[in-house]
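# Remarks on the overall topology
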Amino acid sequence: MVIYILQQLVNALSYGSILGLLAVGYTMIYGILGLINFAHGEIFMIGAFSCYLFTTVLNLPWVIAALLAIITSTISGLLLERIVYQPCIRRGGSVLTIFIVSFAASIFIRFLFMMFFTDARRAFPIPAFFEKIYFVGGIAIGLRDILIFTTTILIMLIVSYFVKYSKLGIAMRAVSYDKKTASFMGINSIRIIRVVFVIGSMLAGISGLEYGLSFGIVNPSMGFNPGLTGFIAAVLGGVGNVPGAMIGGFIVGIGEILFVALLPPIYSPLRPLFVWILLFLILFLKPTGLFRPNVKFEGDWGE
């Protein structure tokens, strides 16, 4: 029983890494800009699905396909910002308006991919190198699980350092606290928004690749549930708090995996309910999340 639980914890760390990276992307956009990017899950999907297309249709080497997939997800995020969000911001749209628009963008992207590729599940290409497994005391630890975990932690540290100490990071935090004062200080908020979307979309693309490596499947609707769960993890960790978002992802990932592993199979369909119950309890007991939020933003961009 102990070996079984430890094995599930190893699996949970891999899944939590994926959610944590997705949550960091969410907290960059939602926490710093105050924009709820409901289409973040679709950027996650584009990262994984484009890697699948580059390897199976164009027969590109996996590493090149992965790099192109990250670039594709980043460009998709920038296009989303330019076409969807920027017009709303310039017209002084409220946060609710931007949320509705982002929800519409999410549906549009998902069904556009379904129209061209159908929603059938496809096998994600996994190089043989990633299939290597190590056994430690009867616990199987895959090389891809190690790489997913270490990559996620490394990226979280880099993003945390960037936000806290770099010139652009300081400008991001200034915009999050007070947009008007930041603009008076010469900070170009439009440029900051684009930088944040670049980083957030890049992280979503990397998270999508990790998901493909971990679960081995892709399809156009794959981004909805992880995107929603990643957003919950970001709120759980404290809006705008990068390490908090990562920890929130691990909490949700470990909770979901253990929920399925330790309870009878009949309760497995209730796995998504666990996430919502966890969110409700955290918001009820500590509305700001488990860790101190690093932002303070107004309700409307047009103010």
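Rules of the game
Residues numbered from 1 in each chain as written. Predicted model: local features only at pLDDT ≥ 70, side-chain atom pairs only at ≥ 80, totals over all residues. Heavy atoms only, no water. Helix = DSSP H or I, 4+ residues; strand = E, 2+ residues; numbered from the N terminus. Buried < 20%, exposed > 50% of the residue type's maximum accessible area, 1.4 Å probe, protein only. Contact = heavy atoms within 4.5 Å. Areas by Shrake-Rupley, 256 points an atom, 1.4 Å probe, with all protein chains shown as cover. Lys, Arg positive; Asp, Glu negative; His and termini not counted. Charge placed at Lys NZ, Arg CZ, Asp CG, Glu CD. pLDDT = per-residue confidence, 0-100. Phe/Tyr/Trp six-rings, centres within 6.5 Å; stacked < 30°, edge-to-face > 60°.

## Details of the overall build of the protein
- For the protein, the count of helices and strands is 11 helices and 4 strands.
- Projected onto the principal axes, the alpha-carbon positions of the protein cover approximately 60 × 50 × 35 Å.
- Within the protein, buried positions represent 50% of all 303 residues.
- Expressed as a percentage of contacts within the protein between residues at least 6 apart in sequence, the contacts between residues at least 24 apart total 78%.
- Split by element, the accessible area of the protein, about 14,200 Å² in all, is 73% carbon and sulfur.
- When the 19 basic and 11 acidic side-chain charges of the protein are each reduced to a single mean position, those positions are 6 Å apart.

## Observations concerning the confidence of the model for the protein
- Summarising the model, the protein shows a mean pLDDT of 84, and 95% of its residues fall at 70 or more.
- Every residue in residues 297-303 is under pLDDT 50, and counting partners more than four places away or in other chains gives 24 contacts.

## So, the packing of aromatic side chains
- Inspection of every chain in the model, using the stated rule, returns 15 aromatic pairs.
- Each ring, one from tyrosine 26 and one from phenylalanine 231, has its centre 5.4 Å from the other, and the planes form 65 degrees; the classification is edge-to-face. Taken together, the residues tyrosine 26 in helix α1 (residues 2-33) and phenylalanine 231 in helix α9 (residues 224-237) connect sequence positions 205 residues apart.
- Look at tyrosine 161 and tyrosine 165: their rings are 5.0 Å apart centre to centre, the planes differ by 40 degrees, and that puts the pair in the tilted class. A residue pair is termed a helical-turn pair when its members lie 3 or 4 positions apart in one helix, as tyrosine 161 and tyrosine 165 do in helix α5 (residues 143-165) at 4 residues.
- A relative accessible area of 56% places tyrosine 161 in the exposed class.

## Considering the environment of tyrosine 52
- One can find tyrosine 52 in helix α2 (residues 40-56).
- Sequence separation between tyrosine 52 and alanine 204 is 152 residues, and the spatial gap between their C-alpha atoms is 16 Å.
- When sequence neighbours within four positions are dropped, the list of residues in contact with tyrosine 52 reads Val57, Arg122, Ala123, Phe124, Pro125 and Val218.

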